[in-house]
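# Chain and residue survey
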Amino acid sequence: GQQVMQIPQYQHVQEGEDFTTYCNSSTTLSNIQWYKQRPGGHPVFLIQLVKSGEVKKQKRLTFQFGEAKKNSSLHITATQTTDVGTYFCAGPSRSGGSNYKLTFGKGTLLTVNP
Amino acid sequence: DAGVTQSPTHLIKTRGQHVTLRCSPISGHKSVSWYQQVLGQGPQFIFQYYEKEERGRGNFPDRFSARQFPNYSSELNVNALLLGDSALYLCASSFVNTGELFFGEGSRLTVL
């Protein structure tokens, strides 16, 4: 079945440093989504990328979708303590009928030292 | 507007018991999905319901079942609980059968 892998598993940075997490899928994706989960919280949707090579920015966050639509990255510039949490990428897959499910990576846990 | 609501938020069960978890989607959302999240892992797909019909099942045993009601709320049932069923159970709703998922805060199940 489809597999989504993320690296690194953990990242600890000093406040103000940059952070990047990488996501790779075993299959070509129609789109890729990114979610953030704060400690003790639930996943919250950040963004969806659809086009090959697409780059989207949300303030200090930059998301990229690879040309082959099998990989993606999230880059945070000048991290803040509010960025703490686990960042998940997720790719959709269909298995018969109109089923739609997301396969999530294991996530990258970001901690920020103030 | 109210988000996805789940109940109960926390519960403790013993092995062999069964549990029912409930979810109310965002108003207007007709698709509800259930995910299991074990500590340190990403959410894993269990079920999807759309327009009250099961549209997909993940790699979970038959002890797991679910249904969706005419008002689009949903229940997840787990029978014969095992220690390994201890996890955060997340319900997510979406407006259409694709696109972003809106997660509830989850039901944290502990099996002793």
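This text gives an overview of the structure that appears in the document. Note that the coordinates shown come from a computational prediction; the quantities given were computed from them, not determined experimentally.

Before going further, it helps to spend a moment on the sheet that holds strand β6 (residues 55–58) of chain A. All names here are of chain A. Read across the sheet, five strands follow the order β1-β3-β8-β7-β6 without closing on themselves; strand pairing throughout is antiparallel. Two strands close off the open sheet at either side, each with one partner strand: β1 (4–7) and β6. Across the sheet, the mean angle from the axis of one strand to that of its neighbour is 15°, orientation sign disregarded. Summarising the sheet, strand β7 (residues 61–65) and strand β8 (residues 71–76) pair through five bridges and their orientation is antiparallel. Its bridge partner being in β8, Q64 is matched across the sheet by S73.

Residues and elements named next belong to chain B. This structure, assessed with the given rule, holds eight salt bridges over all chains. K30 is the partner of E51 in a salt bridge, and the nearest nitrogen-oxygen pair spans 3.4 Å. In this pair, E51 sits in the loop between β5 (44–50) and β6 (53–57) while K30 sits in the loop between β3 (19–24) and β4 (31–37), placing the two residues 21 residues apart along the sequence. Among the residues examined, E51 registers a relative accessible area of 28% and is labelled partly exposed. In the salt-bridge network here, residues are joined through shared partners; they are R22, R67 and E75.

About the thresholds
Residues numbered from 1 in each chain as written. Chains lettered and ligands numbered in written order. Predicted model: local features only at pLDDT ≥ 70, side-chain atom pairs only at ≥ 80, totals over all residues. Heavy atoms only, no water. Pairing = 2+ DSSP bridges. Helix = DSSP H or I, 4+ residues; strand = E, 2+ residues; numbered from the N terminus. Axes fitted to C-alpha atoms, helices over the stretch in contact; angles between N-to-C directions. Salt bridge = Lys/Arg side-chain N within 4 Å of Asp/Glu carboxyl O. Buried < 20%, exposed > 50% of the residue type's maximum accessible area, 1.4 Å probe, protein only.

As far as function goes, none of this settles anything; it's purely spatial.
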